[in-house]
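What follows is the residue order along each chain.
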Amino acid sequence: KILPKGTAVFESVSTERHKGVVVERETRSKDGLHAGGGAVRHTQGETQVNLHFGTADLREPRHLVFKGDAVEYAIATDKATGEMSARDVTSFPTEGIVESVKEAGNGMVRADEGIAQDKEKDKAVPFAATEVDKGDKGKLEKGGDVSFYYAVNPKTKEMCA
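The residue numbers shown here count from 1 along each chain, following its written sequence. Since the coordinates come from a predicted model, pLDDT governs what is reported: local features require at least 70, and pairs of side-chain atoms require 80 or more to be given and counted, while whole-chain, interface and lining totals use all residues. Only hydrogens and water are set aside when side-chain values are computed; all heavy atoms of the structure are taken into account.

Section: the sheet that holds strand 9 (residues 125-127)
Item 1. Only strands that DSSP links by at least two bridges are regarded as paired with each other. The helix and strand labels rest on DSSP assignments: H or I over at least four residues marks a helix, E over at least two residues marks a strand, and numbering proceeds from the N terminus. Read across the sheet, four strands follow the order 9-8-7-10 without closing on themselves; strand pairing throughout is antiparallel. In this open sheet, the two strands that pair with only one neighbour each are strand 9 and strand 10 (145-148). Across the sheet, the axes of successive neighbouring strands diverge by a mean angle of 50°, strand direction being ignored. Whenever a helix is involved, its axis is fitted only over the stretch in contact; in every case the axis is a line through C-alpha atoms, and angles between N-to-C directions fall within 0 to 180 degrees.

Laid out in structure tokens, this is it:
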């Protein structure tokens, strides 16, 4: 007999959001679109544990999460084993500056100095005009402050904002 969908629950996921830092990251997957899983350092009282997560646990799979990044997450507990893991992992935007803007609205952005904890983040990355918030279109200027998420361009497989 097949049980109705959603009737067999193997883990409980808290609604409480926690803040932590990514301490482990697997390399990018073969398709280059998504990084693999990783671990978040979770502090509970005096105890620190690493909670593992997979690509499916990222709230926005297009956003890249790097070792050293601050994130928010929920905790899932396996009902059979009691093992905890991170779910619904959310990154925070990176603060940076606009390096260049073309007439079409595309351009390059770079993380502020000292923010780049990962060598991949220590370089300018392209952004497309279609990814700029509607209220900011046409307002971006070289040298201007900007907040952005690192992502992977699905066409080129290169890192972008």
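Concerning the environment of Thr-94
Item 1. Within the element layout of this structure, Thr-94 appears in strand 7 (residues 94-101).
Item 2. By relative accessible area, which is 7% here, Thr-94 ends up buried.
Item 3. Sequence separation of Thr-94 and Tyr-149 is 55 residues, and the distance between their C-alpha atoms is 6.0 Å. Think of it in three bands: with a 1.4 Å probe and only protein chains considered, a residue is buried below 20% of the maximum accessible area for its type, exposed above 50%, and partly exposed in between.

Describing unusual backbone geometry
Item 1. In this structure, Asp-88 takes a positive phi of about 50° despite not being glycine.
Item 2. Mapped onto the secondary structure, Asp-88 falls in strand 6 (residues 84-91).

Some points on the packing of aromatic side chains
Item 1. Two rings belonging to Phe, Tyr or Trp (six-membered ring only in the last case) form a pair when the distance between their centres is within 6.5 Å. Interplanar angles under 30 degrees mark stacking, angles over 60 mark edge-to-face geometry, and anything in between is tilted. As enumerated under the stated definition, the model contains two aromatic pairs in all.
Item 2. A ring pair is formed by Phe-66 and Tyr-150, whose centres lie 5.6 Å apart and whose planes are at 80°; its orientation type is edge-to-face. On the criterion of sequence distance, the pair formed by Phe-66 in the loop between strand 4 (47-53) and strand 5 (70-78) and Tyr-150 in the loop between strand 10 and strand 11 (151-152) is long-range, its members being 84 residues apart. Of the two residues, Phe-66 and Tyr-150, both sit in the buried class.
Item 3. Ring plane angle 70° and centroid distance 5.1 Å describe the contact between Phe-148 and Tyr-150, whose orientation is recorded as edge-to-face. The exposure classification of Phe-148 matches that of Tyr-150, with both residues buried.

Comments concerning the nonpolar core
One broad trend across soluble globular proteins is that nonpolar side chains are buried collectively.
Item 1. What makes a nonpolar core is a set of buried Ala, Val, Leu, Ile, Met, Phe, Trp, Tyr and Cys residues whose side-chain atoms join them at distances within 4.5 Å. Of all hydrophobic cores here, the largest spans 14 residues; its most connected members are Leu-64, Val-109, Val-125, Phe-148, Tyr-150, Met-159 and Ala-161.
Item 2. Elements represented by at least two residues in this core include exactly strand 8 (107-111), strand 9 and strand 10.
Item 3. Ranked by size, the runner-up nonpolar core spans eleven residues in total, among them Val-40, Leu-58, Val-71 and Ala-86.

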